[in-house]
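# Results of the structural survey
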Number of protein chains: 2
Amino acid sequence: MKIVLATRNQGKIEELRRILGGIDVLGLEAFPDAPEVPETELTFEGNALLKARAIAAHTGLPAVSDDSGLCVDALNGMPGVLSARWSGRFGTPDFGAPDRDRANLELLLDQLADVAAADRGAHFVCAAALVRPDGGEQVVVEGRMDGRIIEAPRGDGGFGYDPIFVPDGETRTSAELTAAEKDAISHRGKAFRALAVSLARPTEAGVSRT
Amino acid sequence: MKIVLATRNQGKIEELRRILGGIDVLGLEAFPDAPEVPETELTFEGNALLKARAIAAHTGLPAVSDDSGLCVDALNGMPGVLSARWSGRFGTPDFGAPDRDRANLELLLDQLADVAAADRGAHFVCAAALVRPDGGEQVVVEGRMDGRIIEAPRGDGGFGYDPIFVPDGETRTSAELTAAEKDAISHRGKAFRALAVSLARPTEAGVSRT
């Protein structure tokens, strides 16, 4: 069985291969003409489905995609679907930003500067979608990792907001966990493991949410 | 009758004098030792009360304060209480920001870049608090102005997010209205007019919300 993961990010492709062992996972680099799909939806689910539908239609193969982000309680759940572009133009070299991830994280820390420890709850969400071509099955699953935002970054692992997020039950940030430790509890790990169940056991057509 | 408005902003003081005509409105510049009150609450009401309570306790006079901000639907109601500091460090000269208001507005436009016209609804909120000293009356009123966020700034009037906000029923931005036109429909105009009623007709102690 072959599926295509709607990303050019080699790290994501390897991660899905590990979780789905036995299934042949292709990345978008195998389909140079695949369309760019802008993330115009206001929900993780909407964006994940948007990308998976477009790639299933283009490739004729079952397509998997994900949309992930950080939801901060004191920001009413934002940055959410905007997590990767939260700092807008200020995350570009024009404004002296070291890199996009760092600018996003620094902006978030500034926005939470006056927020007390008790109100710094947050969670990561990953929506993972599987769409089979030709109007076949569509599944979206959601994984979640709860925790809190600390006041200064710690750790070199992971990416994005990992250095300022401490998962519930941990004293280390996500960026201080090993890759295996993070996979075991992370929103992406949970979502992709749930999707692996759907891949092994196809359901009827229609959007189902796990 | 004398009241103190918990601000050093001369524009706000003049505005309240116009609305309250006949009441002697002092600004914080008359009380050089007045404490700085950080806006640590997660609601407009909470911040307005926090400031008014501190200033009433310090001055022994009835104190009025306000907390205002822009709530954007596609950002789950943010920037909200963080409106004035939304761009964090990126609104400072260190990062080449022209000024704080401009940086906040540019960041918001970037965050909404992929949001369709139908989803660009927003509203301004002003919570205005009146606190009488010595455990007397406490009132909070809220004014609201509904509208939508456009794609590029227009107009030189007003301040803050006015150049990208078009009130319902208008084709002009808040920054293209005259001061009198804006006062008549604005969140601040509505809140302060409601508070003027409370000032003229004292109620019993306790927090009441209009």
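See the structure printed just above.
Just so it is clear, the model here is predicted, and its values are computed rather than measured.

Along its length, chain A carries five helices and seven strands. When the elements of chain A are put in sequence order from the N terminus, they spell out β-α-β-α-β-α-β-β-β-α-α-β. Taken over the C-alpha trace, chain A has a radius of gyration of 17 Å; the compact-globule value for 210 residues is 17 Å, and the two agree within 12%. Taken across its 210 residues, chain A has 53% of its residues classed as buried. Taking the contacts inside chain A whose residues are at least 6 apart along the sequence as the reference set, 56% of them involve residues at least 24 apart. In the structure as shown, chain A presents an accessible area of about 9,100 Å², 52% of it carried by carbon and sulfur atoms. Across chain A, the 23 positively charged side chains and the 32 negatively charged ones have centroids separated by 3 Å.

Moving on, we get to the relation of the copies chain A and chain B. At an RMSD of 0.1 Å, chain A and chain B line up after a rotation of 180° and a shift of 0.0 Å along the axis. What the rotation and shift describe, once combined, is the action of a two-fold rotation axis. Mapped onto chain B, 100% of the interface residues of chain A again fall at the interface, so both copies present the same surface.

The next point concerns the pairing of strand β3 (residues 63–72) of chain B. All names here are of chain B. Of all the 10 residues making up β3, nine are buried; the element is thus mostly covered by neighbouring parts of the structure. Pairing analysis gives two bridges linking strand β1 (residues 2–5) to β3, with the strands arranged parallel. Bridging from a neighbouring strand, Val4 pairs with Ala63 of β3. Judged from the 10 bridges that link them, β3 and strand β4 (residues 121–131) form a sheet pairing that is antiparallel. Counterpart to Ala63 in the pairing with β4 is Val131.

Residue and element names in this part refer to chain B. Along the chain, Leu50 turns up in helix α2 (residues 44–59). Taking the relative accessible area as the measure of exposure, Leu50 reaches 26% and is therefore partly exposed. C-alpha separation for the pair Leu50 and Glu39, spaced 11 residues apart in sequence, amounts to 7.7 Å.

Cut-offs used in this document
Residues numbered from 1 in each chain as written. Chains lettered and ligands numbered in written order. Predicted model: local features only at pLDDT ≥ 70, side-chain atom pairs only at ≥ 80, totals over all residues. Heavy atoms only, no water. Helix = DSSP H or I, 4+ residues; strand = E, 2+ residues; numbered from the N terminus. Rg over C-alpha atoms; globule rule 2.2 N^0.38 Å. Buried < 20%, exposed > 50% of the residue type's maximum accessible area, 1.4 Å probe, protein only. Contact = heavy atoms within 4.5 Å. Areas by Shrake-Rupley, 256 points an atom, 1.4 Å probe, with all protein chains shown as cover. Lys, Arg positive; Asp, Glu negative; His and termini not counted. Charge placed at Lys NZ, Arg CZ, Asp CG, Glu CD. Least-squares fit on C-alpha atoms with pLDDT ≥ 70 in both. Pairing = 2+ DSSP bridges.

So far we have only geometry, and geometry alone does not tell us how the molecule works.
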